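Here's the letter readout for the chains.
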Amino acid sequence: MTIPRVLEPEVMDSREEAVDYNSMDHSTVNRAFVQELLEFARKVRPEGVSFEDQREGDYTLGDVLDPGTGTAQIPVELCKQDPFCRVMAVDMAESMLEIARYNVASFPDRIQLAKVDAKAMPYSAGMFDTLMSNSITHHLAEPVHCMKEMARVTVSGGVIFVRDLMRPDSEEQLEWIVKEYAGDENEHSQKMFRESLWAALNLDEIRSLVEEVGFEKETVTATSDRHWTWAARKP
């Protein structure tokens, strides 16, 4: 039995929060996120059809949507590892997007930023080849609405790759995770991480929501001591 979920504000839109979030060292987890996304995409490509065939000889995730992009660190990392993709990176927090504009400056033609509510996105069904998202569901009181939108805007046969924190079983485990992975950060950064863990879904909760969206619960797995990952190919 895990500790009860304690919600945090849906939008991190103070300048202090944006600066502290951007200054935290996410490089290792962001790099791993992108590498695992690319590995999964290669594994689930349509039988008999390679991504090279689909993309004129170049392996790429194609047109990618990143809801809840924050300061767009993952789109930048993706563009480093996939030299041909294009990313629409969206968030509701203007303060995050202000910093993101500096982060994406090296990829002006490949990363586009927009202020968008991930629960009601202004994109047509099947518009994107790949849907990736990191750490958005714990901000939402009812994440299922966002998850339905993620599935809607992904093309049939496209890749959905979503990761977030996993709520620990106890307060003791939660505090250990904060110390282990944010112990060198400032007090405010540690506080944000702690609150995010409290607000996160546990494995059973996210699996139940995935089934509600129309996917097999087995497409969600625990991928670290503090993360779950929903990795699926849209039917």
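Residues numbered from 1 in each chain as written. Predicted model: local features only at pLDDT ≥ 70, side-chain atom pairs only at ≥ 80, totals over all residues. Heavy atoms only, no water.

J.: Residue-level account of the overall build of the chain, with values.
T.: Looking only at helices and strands, the chain has 9 helices and 7 strands in total. The buried share of the chain, reckoned over its 235 residues, is 51%. In the chain, of all internal contacts separated by at least 6 residues, the share reaching a separation of at least 24 is 73%. Surface exposure of the chain reaches about 11,200 Å², of which carbon and sulfur atoms provide 49%. (Helix = DSSP H or I, 4+ residues; strand = E, 2+ residues; numbered from the N terminus. Buried < 20%, exposed > 50% of the residue type's maximum accessible area, 1.4 Å probe, protein only. Contact = heavy atoms within 4.5 Å. Areas by Shrake-Rupley, 256 points an atom, 1.4 Å probe, with all protein chains shown as cover.)

J.: Hey, could you go over the state of the cysteines for me, with residue numbers and the actual values?
T.: Scanning all chains against the criterion turns up 0 disulfides. With no disulfide of its own, C79 has C85 as its nearest cysteine by sulfur position, at a separation of 4.1 Å. Judged by relative accessible area, which is 2%, C79 ranks as buried. In this structure C85 comes out as buried when scored by relative accessible area, which is 0%. (Disulfide = S-S within 2.5 Å.)

J.: Break down helix α6 (residues 144-153) for me, citing the residues and quoting the values.
T.: Within α6, 7 of the 10 residues are buried, which leaves the element mostly enclosed by the surrounding structure. Elements in contact with the buried residues of α6: β1 (63-67), β4 (128-134), β5 (154-165), α9 (203-213) and β7 (227-233).

J.: Lay out the pairing of strand β2 (residues 86-91) in plain terms, naming residues and giving numbers.
T.: Of all 6 residues in β2, 5 are buried, a share of seventy percent or more. Where β2 lies against strand β3 (residues 111-115), 5 bridges are found, and the strand directions are parallel. When the bridges of β3 are listed, V87 appears paired with I111. Taken together, β2, helix α5 (residues 94-103) and β3 constitute a β-α-β crossover, and its handedness is right-handed. (Pairing = 2+ DSSP bridges. Right-handed = clockwise from strand over helix to strand, strands pointing away.)

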